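A closer look at the structure
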Amino acid sequence: RAVLERALSAATKRRGPQGKTFQRLLKETNQKAAMWFVGALSKNVRKQMGRRTQVLGSLRTVRGTADLSDGLDLSVIAHLTPADAQSLVEKIRTHLDAQRNSTMVKPSGIGLLMDRIQLKAEGEKVSLDLRLTAAEMTRLQAPLALFASVLVAEQLPPPPRRGPPPGQRIRRAEPKQK
């Protein structure tokens, strides 16, 4: 805890825009929440992220809170350029809609989770809120665990092949003649 407090103190005491940014983020974040975070991305980090997708290249700050004491109460707020904020919300909604109707998600009940995600873009701000009751969290545990294991399995390399490559026949050894 002491290490985190020193790091936070150092970040907010910086002179210039970074220190002011952290101070602003801290004021806007509920630090009494069970879990909270703030982050400001440097120009170098934004440049690296922008190589993957333009939208992420304009991400300047992110902050949020989470509480698991009675279900799930999650709130994340990101600041981007106004055009990219709207674009990010549209991309997330498109992705959620595609996943909601997939053969893996639809029968599992995970659609409830996707239905509860509240997204909105207001100017440069994107907010994502998700609230689930304790009963809903319990109901989603098994499907989410299965879903996560499938996603992990899809990322694993295929097992090594045994036998000849596809399309080749196995030659049987001829019996030795005496």
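Each value, and the rule that gives it
What you see as residue numbers is a count from 1 along each chain, following the sequence as written. Owing to the predicted nature of the model, reporting of local features is limited to residues with pLDDT of at least 70; listing and counting of side-chain atom pairs is limited to 80 or more, with chain, interface and lining totals taken over all residues. Note that water and hydrogens are dropped before the side-chain values are worked out from all heavy atoms of the structure. Throughout, nonpolar core names a set of buried Ala, Val, Leu, Ile, Met, Phe, Trp, Tyr and Cys residues whose side chains join them through atoms within 4.5 Å. The buried label applies to any residue whose accessible area, calculated with a 1.4 Å probe on protein chains only, is under 20% of its type's maximum; exposed applies above 50%, and partly exposed to all values in between. Strands here mean DSSP runs of E at least two residues long; helices mean DSSP runs of H or I at least four residues long; both are numbered from the N terminus. By definition, a salt bridge exists where a carboxyl oxygen of Asp or Glu is found within 4 Å of a side-chain nitrogen of Lys or Arg. Strand pairing is defined by DSSP finding a minimum of two bridges between the two strands. Working rule for helices: expected span equals 1.5 Å times residues minus one. Throughout, the arc means the angular range of directions from the helix axis out to the C-beta atoms. Should any heavy atoms of two residues lie within 4.5 Å, those residues are considered in contact.

Attention shifts here to the nonpolar core. Core analysis: the biggest nonpolar cluster contains 21 residues, and Leu80, Leu113, Val126 and Leu132 have the highest contact counts within it. Contributing elements (two or more residues each) for this core: β3 (72–79), α5 (82–100), α6 (111–116), β5 (125–132) and α7 (134–155). Examining the composition of this core, we find that four residues originate from one element, α5, more than from any other. Phe22, Leu25, Val38 and Ala40 belong to the second-largest nonpolar core, a separate cluster that totals five residues.

Okay, the pattern of salt bridges next. Side chains that differ in charge, positive against negative, can pair when their charged atoms come close. Counted under the stated rule, the structure contains nine salt bridges. Arg100 is paired through a salt bridge with Asp115; the nearest N and O atoms lie 2.8 Å apart. Within this pair, whereas Arg100 is found in helix α5, its partner Asp115 is found in helix α6, the two being separated by 15 residues in sequence. Looking at Arg100, the relative accessible area reads 22%, which means it is partly exposed. For Asp115, a relative accessible area of 47% gives the class partly exposed. Three or more residues are tied together by salt bridges with common partners; here these are Arg24, Glu28 and Arg63.

By the bridge criterion, eight bridges tie β3 to β5 in an arrangement that is antiparallel. Paired with Ile77 across the two strands is Ser127, which belongs to β5. Pairing geometry for strand β4 (residues 118–122) and β5, over five bridges, is antiparallel. Paired with Ala121 across the two strands is Val126, which belongs to β5. The antiparallel hairpin formed by β4 and β5 contains two residues in its connecting segment, where Gly123 sits at a positive phi of about 65 degrees.

A few words on α5. Look at α5: 27 Å from first C-alpha to last across 19 residues, which is about the 27 Å you get at 1.5 Å a residue. Asp84, Ala85, Leu88, Val89 and Leu96 are the residues of α5 that are buried. Considered in projection along α5, the buried side chains sweep an arc of 140 degrees and stay on one side of the axis. Facing away from the buried side of α5 by more than 90 degrees, the exposed set consists of Ala83 and Thr94. Taken together, the buried residues of α5 touch α4 (54–57), α6, β4 and β5.

Before going further, it helps to examine the pairing of β3. Judged from the seven bridges that link them, strand β2 (residues 61–67) and β3 form a sheet pairing that is antiparallel. Directly across from Val62, in β3, lies its bridge partner Ala78. Hairpin connection from β2 to β3: four residues lie between these consecutive antiparallel strands, with Gly71 at a positive phi of about 100 degrees.

Purely geometric numbers; function is a separate question.
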